[in-house]
Amino acid sequence: MESLPLNLINEEIFSRLDLQTLLTVSCVSKTLKSSIKSQLLPFKSSLELPSSLLPDADTLSRIITQCTNFNSLALNCQRLHESCLTRFLTRQLRQLSLSRCSLFTYQIFISIGQNCPFLRVLMLELTDQGLPDILSINIGYMLRRCIYLESLCIKIRGTKIDVNAFQSVELFLPKTVKILKLKSLMEGNAVSIVKMLAAVGTFSCAPVSPTSYSCALQSLSLVLNVISDQLLMTITSSLPLLVELDLEDRPSKEPSHHVDLTNNGLQSLGSCHHLTGLSLIRSRKKHPGSFKRINDMGMFLLSESCKDLQSLRLFGFSKVSDAGFASLLHSCQKLQKFEVRNALLLSDLAFHNLNGTASALVEVRLLSCSLITSETVKTLHNCRTLELLDLCGCKSIADSCMGSILHLQKLTYLNLSGADITDAGLSILSQGSFRIWYLSLRGCKRITDKGISSLLHADGTIVQTLAALDAGCMPGLSDNGIITIVTAGKEITELCIRNCFNMTDSSIHALATKRNYGNGNKPLQQLDIYNCSRRSVDLLSILRKPFFSGLHWLGIGLTWPASYCKERPWLTMCFDGCEMGCHDGWKFHSPSV
């Protein structure tokens, strides 16, 4: 490297690498380190650390002080206090994205308002502090000073919904905002905010296109206590240029008829002539929620009035049958993403005669739809553009459709959790020429070590591309299967084997030394071994170097008692049974230092 010209290194090598890779390769040689430090970092305009990288205060300070000209900052703040970040909030910032701010207070809004007056994009993910009035006051202070905002996303995780929490958004939201995402607020508060948006975006003539007016909101995402007809009708009548609408509610009890979503509310969506993305989700604590006042007629009205939809997510429509869902699939010819969850009446008939009408489909998710069988997959085999197929919880998916999956040449993501497939089905799947990077077999009780071996030892391309594998809750998986994954799955960096009771210390040692098996084996970056109880190995000894090189997330829980490893300051250990990376419950976790 020392013999290469600096301009060649900077222009042809560094320009193609992200920040995490640059920081990694800087350790290779003095020339690289010097060039990155003096020639690249000072001129980098965007500082976006991947969400898997959790910097502490010292590391963040070293990185940011070298990047003096950045105007875009994106961080996972799980290990950071706001005091170590506020000094880096400057007038030159245009985009700011701070996720998992579990140690931050509502004072961060004041700091942003004082130091970042020219901010265009803001995303903040905080935890509830039980002070809705203070939250509203601080947000109002920020909005009165950040008058050029175009995209605003504020998520208060775990909050008890209060009518005062986002009251200042209604009063001080800049008219420049085109994208608005709020979590969580009351339905009445949301109605007031939408009416306010309509007031600042009044038009003197009929709108022509979403880009014709800079003051018109184009994307709205809200998490509420309830989605009602009044809310949806207010949105559709007030925001005619809306392109994307994402509504999710979490009612504490069954909504009454007067404050619930009905067919009339769905019909009003016809007023949004530019709508291309629609998501309507109902979820209730401890059991699935449902829009019980919407039936097939509501879907017929929606399919006739919103034919230009490209993305559609519908969770909890338990009263809609095949006829309603089929009308959407046949009418929305531009549909690329179709996701349905907990549709109790959805069966294979909805996908009958789909040839030609779903040629644009790229993603299909049918989650916990118990009547879906292998016949649906056989119908989808003509969707040559399909890249993602998620059939999680569809228990009637069997080996008979594996041959149809082989026709999906662009498939990269496949979820068969809970399916009734066997080792023979995996043998068929292994013959595919697609480039699958994610595969979930969780809860497939008829798969054994033999099936894993046939999947990873075949001549297909899956063994060359598979980076994430979920093999949790599989009673047929033992040490032999784990060792096969370690030795043959050389590209696998994310592995879930939670609730696999036949795994012993032999598997732990094999996983810890995955990189040592040759053939370019990549080390594990994320590993979930929650509730794998047959072990006696000491946790702290197995986490010491050189074991588990590269590991930055470990899910253990009932496997080991809570403890931390000082030798791995970048390692997050989860003892609470969260899914990979703690996407749920992140606010409860502490770093391993």
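Residues numbered from 1 in each chain as written. Predicted model: local features only at pLDDT ≥ 70, side-chain atom pairs only at ≥ 80, totals over all residues. Heavy atoms only, no water.

Draft legend 1. Focus on the overall build of the protein. In terms of helices and strands, the protein carries 20 helices and 21 strands. When each of the 593 residues of the protein is scored for burial, the buried share is 55%. Put simply, of all contacts in the protein between residues at least 6 apart along the chain, 73% involve residues at least 24 apart. With the model as given, the accessible surface of the protein reaches about 24800 Å², and the carbon-plus-sulfur share is 52%. (Helix = DSSP H or I, 4+ residues; strand = E, 2+ residues; numbered from the N terminus. Buried < 20%, exposed > 50% of the residue type's maximum accessible area, 1.4 Å probe, protein only. Contact = heavy atoms within 4.5 Å. Areas by Shrake-Rupley, 256 points an atom, 1.4 Å probe, with all protein chains shown as cover.)

Draft legend 2. Inspection of the pairing of strand β5 (residues 151-157) at higher detail. In terms of burial, β5 is a largely internal element, 6 of the 7 residues being buried. Taken together, the 7 bridges between strand β4 (residues 121-127) and β5 define a ladder with parallel strand orientation. Residue pairing in the sheet places Met-123 in a bridge with Cys-153 of β5. Note: β5 against strand β6 (residues 179-185), 5 bridges, orientation parallel. Following the sheet pairing, Lys-155 is matched in β6 by Lys-183. (Pairing = 2+ DSSP bridges.)

Draft legend 3. Here's a closer look at the pairing of strand β7 (residues 219-224). The buried fraction of β7 is high, at 6 of 6 residues. Alternating residues of β7 divide into Ser-219, Ser-221 and Val-223 and Leu-220, Leu-222 and Leu-224, and every residue in both groups is buried. Examined bridge by bridge, β6 and β7 share 6 bridges and lie parallel to one another. Among the inter-strand pairings, Ile-179 is bridged to a residue of β7, identified as Ser-219. For β7 and strand β8 (residues 244-249), the ladder comprises 6 bridges, and the chain directions are parallel. Following the sheet pairing, Val-223 is matched in β8 by Glu-248. A crossover links β7 with its parallel partner β8, the connecting element being helix α9 (residues 229-238), and its sense is right-handed. (Right-handed = clockwise from strand over helix to strand, strands pointing away.)

Draft legend 4. Here's a closer look at the state of the cysteines. On inspection of all chains with the given rule, the structure shows 0 disulfides. Just so you know, Cys-578 is unpaired, no disulfide at all, and the nearest cysteine sulfur is the one on Cys-574, 3.9 Å from it. (Disulfide = S-S within 2.5 Å.)

Draft legend 5. Looking closely at helix α12 (residues 322-331). Counted residue by residue, α12 has 8 buried out of 10 residues, so it is predominantly covered. Buried within α12 we find Asp-322, Gly-324, Phe-325, Ala-326, Ser-327, Leu-328, Leu-329 and Ser-331.

Draft legend 6. Quick look at the environment of Phe-118. Structurally, Phe-118 is set in the loop between α5 (107-115) and β4. Looking at Phe-118, the relative accessible area reads 26%, which means it is partly exposed. As for Phe-118 and Arg-94, which are separated by 24 residues in sequence, their C-alpha atoms are 6.2 Å apart. Excluding its chain neighbours within four sequence positions, the residues that come into contact with Phe-118 are Arg-91, Leu-93, Arg-94 and Tyr-148.

Draft legend 7. Examining helix α6 (residues 132-145) more closely. Given a rise of 1.5 Å per residue, 14 residues ought to cover 20 Å, and the 20 Å separating the end C-alpha atoms of α6 matches this to within 8%. Where α6 is concerned, the buried positions are Leu-135, Ser-136, Asn-138, Ile-139, Gly-140, Tyr-141, Met-142 and Leu-143. Close packing links the buried residues of α6 with α5, β4, β5 and α7 (167-172). (Expected span 1.5 Å × (residues − 1).)

Draft legend 8. Expanded view of the pattern of salt bridges. If you walk through the whole model with that rule in mind, you get 18 salt bridges. What you see here is one network of salt bridges that share partners, running through Arg-442, Asp-470, Arg-498, Asp-528 and Glu-579. (Salt bridge = Lys/Arg side-chain N within 4 Å of Asp/Glu carboxyl O.)

Draft legend 9. Focus on the packing of aromatic side chains. Inspection of the entire model under this criterion finds 6 aromatic pairs. Put simply, the rings of Tyr-413, Trp-437 and Tyr-438 pair up and form one aromatic cluster. Over the aromatic face of Phe-172 sits the side chain of Arg-144, whose NZ or CZ is 4.7 Å from the ring centroid. Positioned above the aromatic ring of Tyr-413 is the side chain of Arg-365, whose terminal nitrogen or guanidinium carbon lies 5.5 Å from the ring centre. (Phe/Tyr/Trp six-rings, centres within 6.5 Å; stacked < 30°, edge-to-face > 60°. Lys NZ or Arg CZ within 6 Å of the ring centre and 35° of its normal.)

Draft legend 10. Spatial organisation of the confidence of the model for the protein. With 84% of its residues at a pLDDT of 70 or more, the protein has an overall mean of 86. Low pLDDT, under 50, characterises residues 202-215; the stretch is placed with 26 contacts to residues that sit more than four places away or in other chains. (pLDDT = per-residue confidence, 0-100.)

Draft legend 11. A look at the packing of helix α16 (residues 449-456) against helix α18 (residues 479-488). Direction vectors running N to C along α16 and α18 enclose 15°, while the axes themselves pass 8 Å from each other. One element, α16, and the other, α18, form an angle in the roughly parallel class. By crossing handedness, the relation of α16 to α18 is classed as left-handed. Of the residues in α18, those touching α16 at Asp-449, Ile-452, Ser-453 and Leu-456 are Asn-480, Gly-481, Thr-484, Ile-485 and Ala-488. Of the residues belonging to the contact of α16 with α18, the class tally is 4 nonpolar, 4 polar and 1 charged. (Axes fitted to C-alpha atoms, helices over the stretch in contact; angles between N-to-C directions. Parallel < 35°, antiparallel > 145°, perpendicular 65-115°, else oblique. Left-handed = near helix turned anticlockwise from the far one by under 90°. Nonpolar A, V, L, I, M, F, W, Y, C, P; charged D, E, K, R; others polar.)

Draft legend 12. Local environment of the nonpolar core. Counting residues in each nonpolar core, the largest one holds 162 residues, and the members touching the most others are Ile-112, Leu-366 and Leu-441. Here Leu-366 is in contact with Phe-338, Val-340, Leu-346, Phe-351, Ile-372, Thr-376, Asp-390, Leu-391, Cys-392 and Cys-394, once residues within four sequence places are set aside. Within the second largest apolar cluster, 6 residues are counted, among which are Cys-496, Cys-574, Cys-578 and Met-580. (Core = buried A, V, L, I, M, F, W, Y, C linked by side-chain atoms within 4.5 Å.)

Draft legend 13. Broad picture of the environment of Met-196. Of note, Met-196 is situated in helix α8 (residues 187-200). Taking C-alpha positions, Met-196 is 9.5 Å from Phe-172, a pair spaced 24 residues apart along the chain.

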